[in-house]
Structure formats: structure tokens, C-alpha cells
Amino acid sequence: MTQNPSDDLRNFLQGDRFGTVMADPPWRFTNRTGKVAPEHKRLSRYPTMDLDDICALPVAEHMAETAHCYLWVPNALLPDGLKVLEAWGFSYKSNIIWHKVRKDGGSDGRGVGFYFRNVTEIILFGVKGKNARTLPPGRTQVNLFATRKREHSRKPDEQYGIIEACSAGPYLELFGRGRREGWTVWGNQAEDDYKPTWQTYKYNSSLAAE
């Protein structure tokens, strides 16, 4: 991406509009002393963006009149996530919780947190426009799913099946890692042969079938 992510996104999309957007922004934490901060100098996993820059992304101008948003937000930054939803033109309606589990199904306690050991992450669900209910499968979809972790911050592939069943396309993913058929994916890691450039867990959800 360029020095101006908003211009980069606008140029990339070229006026296209989407029925659903899913985003996993590179949130910037105020307290960067611990491993929770991806830009911590000892970790250097990936560059982050401040809240104003995330809010300024021209998402609203690339959405259909009726649309859905699925926004990943860390537990500690929930208020920021709600601000981003509003800035992008969406009204918050609900959430989906990802429960990170071990191979045996128990909670994966390798998460971080200054107050509790985090084993969950949140997807905020927002809508815009008229008649913005989820598709029929969404009305029986529970708002909790459990999978094993992947590398730091990468979200589980199971999210795509949920989103595609519950929300209408075309589909846009922001800050994606790798590509997915049927989706327009934007981000500096949106590559067909994407692999993490930092040390990750020996076992993760991408290896679950092995």
C-alpha cells in the first residue's frame, strides 16, 4: 500500500460497490509495552494504523445502498471498533465471538491481556440501508464459533462460510492475508502465496486437517 491508505483503497476499487465488507484492521494499541501490541519493537509483526486513519478509509462510498459489515476488533479496543463502524456508515446490530481452542477443544490460554487471559475475539456486525436483515441462514446461525489459532492476528477461514451464508455479495475484504475466490481482497498481504514473515505457532487451524 501507499503512504495514504485511503487513496490506495479508492484507486484499487475503481468505483466498485459491495454488498458485504469484512475487515481486520491493523489496530494500534496505546500501551505498546507488552506482546499485545503488534508493532512492539521486539516483535515488528506488521505496521499499524491509528484510529483516525482507519475511520477515514472510503468504505462507505464503495458499499451498496443496503450492506453488511463484519469488523474484527480486539477486546481492549471495542469502543474504537464502534467508532469505525459508524464512520464507515454502518449501525451496530450484533456481534460474533471467536473462541480460540486447543486441539482437545479446551480454551487456548496463549492469548494476552492485562486483566484477563483473552481466549476470544469479537466481530462487530453492522448494517446500512433498508431491509438489511441477514439472509435466511443467518437467522439460525449462532453468534459463536470455535477453532484453533493461526499465526498472530490471522483470523480463521471458518468466518468466510458464515459470512457468505448470512450476507449478500459482492464481498470485499480489507487488510486480507492471501486471496479467496469470490472475494475482492485489499491489503499489503493480499497475495496468492501469502505466508507469515514472523515466527508463529507450531500448530494452528491451517494445519487442522493434517
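Each value, and the rule that gives it
- Residues numbered from 1 in each chain as written.
- Predicted model: local features only at pLDDT ≥ 70, side-chain atom pairs only at ≥ 80, totals over all residues.
- Heavy atoms only, no water.
- Helix = DSSP H or I, 4+ residues; strand = E, 2+ residues; numbered from the N terminus.
- Pairing = 2+ DSSP bridges.
- Axes fitted to C-alpha atoms, helices over the stretch in contact; angles between N-to-C directions.
- Buried < 20%, exposed > 50% of the residue type's maximum accessible area, 1.4 Å probe, protein only.
- Arc of directions from axis to C-beta.
- Contact = heavy atoms within 4.5 Å.
- pLDDT = per-residue confidence, 0-100.
- Core = buried A, V, L, I, M, F, W, Y, C linked by side-chain atoms within 4.5 Å.
- Phe/Tyr/Trp six-rings, centres within 6.5 Å; stacked < 30°, edge-to-face > 60°.
- Lys NZ or Arg CZ within 6 Å of the ring centre and 35° of its normal.

J.: What's the story with the overall build of the protein in this structure? I'm lost.
T.: A tally of regular secondary structure across the protein gives four helices and seven strands. Secondary structure elements of the protein occur, N-terminal to C-terminal, as α-β-α-β-α-β-β-β-α-β-β.

J.: What is the right way to look at the sheet that holds strand β1 (residues 18–23) in this model?
T.: Strand order in the open sheet formed by seven strands is β5-β3-β4-β2-β1-β6-β7, and the pairing between neighbours is mixed. The open sheet has two edge strands with one neighbour each: β5 (144–147) and β7 (183–186). On average, each strand axis in the sheet is inclined to that of its neighbour by 20°, with strand direction left out of account. Sheet topology places strand β3 (residues 91–100) next to β5; four bridges connect them, and they run parallel. Residue pairing across strands places Lys100 opposite Thr147, the latter belonging to β5.

J.: Got a minute to help me understand helix α4 (residues 158–166) in this structure?
T.: For the α-helix, the turn length of 3.6 residues means that residues three or four positions removed from each other point alike. Within α4 the residues assigned to the buried category are Gln159, Tyr160, Ile162, Ile163 and Cys166. Relative to the axis of α4, the buried residues are bounded by an arc of 165° and lie together on one face. Turning to α4, the residues buried within the fold contact β1, β2 (63–73), β3, β5, β6 (171–174) and β7.

J.: Where do I start with the confidence of the model for the protein in this structure?
T.: Note that predicted coordinates carrying low pLDDT should not be read in detail. Residues with a pLDDT of 70 or more make up 77% of the protein, whose mean pLDDT is 83. Per-residue pLDDT stays below 50 along residues 34–45; that stretch engages in 30 contacts with residues further than four places along the chain or on separate chains. Considering only residues more than four positions removed or in separate chains, one finds that residues 192–210, a stretch of pLDDT under 50, has 31 contacts.

J.: Please clarify how the nonpolar core should be interpreted in this entry.
T.: For soluble globular proteins, nonpolar side chains are generally found buried alongside one another. Ranked by internal contacts, the top residues of the largest apolar core, which has 27 residues, are Val21, Leu57, Val59, Leu71, Trp88, Phe90 and Leu174. Listed by contribution, the elements that provide at least two residues to this core are α1 (5–13), β1, β2, α3 (78–87), β4 (120–128) and β6. Counting residues per element, this core draws most heavily on β2, which supplies five residues. Beyond its immediate chain neighbours, meaning those up to four positions away, Phe90 contacts Val21, Val59, Met63, Ala67, His68, Cys69, Leu85, Gly126, Val127 and Lys128. Core analysis: the next-biggest nonpolar cluster, separate from the first, contains 17 residues, Trp72, Ile123, Ile163 and Tyr171 among them.

J.: What am I meant to see in unusual backbone geometry here?
T.: In most cases, non-glycine residues show a negative phi, while peptide bonds are predominantly trans. The omega angle of the peptide bond from Gly169 to Pro170 is -5°, so this bond is cis rather than trans. Relative to the helices and strands, Pro170 is located in the loop between α4 and β6. If you check the backbone angles, Asn131 has positive phi at about 50° while not being a glycine. Its place among the elements puts Asn131 in the loop between β4 and β5. Among the residues examined, Asn131 registers a relative accessible area of 78% and is labelled exposed.

J.: Can you help me understand the packing of aromatic side chains in this one?
T.: Each pair of aromatic rings is reported with the distance of its centres and the angle of its planes. Tallied over the full model, the rule gives five aromatic pairs. With centroids separated by 5.1 Å and ring planes inclined at 55°, the aromatic side chains of Tyr70 and Phe125 adopt a geometry described as tilted. One end of the pair, Tyr70, is in strand β2; the other, Phe125, is in strand β4, and 55 residues separate them in sequence. Side by side, Tyr70 and Phe125 carry an identical accessibility label, which is buried. Considering the side-chain rings of Tyr171 and Trp183, the 5.0 Å spacing of their centres and the 25° angle between planes classify their relative orientation as stacked. Of this pair, Tyr171 sits in strand β6 while Trp183 sits in strand β7; the two residues are twelve residues apart in sequence, bridging distant segments of the chain. Both residues of the pair, Tyr171 and Trp183, count as buried. Here the aromatic residues Tyr160, Tyr171 and Trp183 are joined through ring pairs into a cluster of three or more. Across from the ring centre of Trp72, 5.2 Å away, lies the NZ or CZ of Lys155, which sits over that ring.

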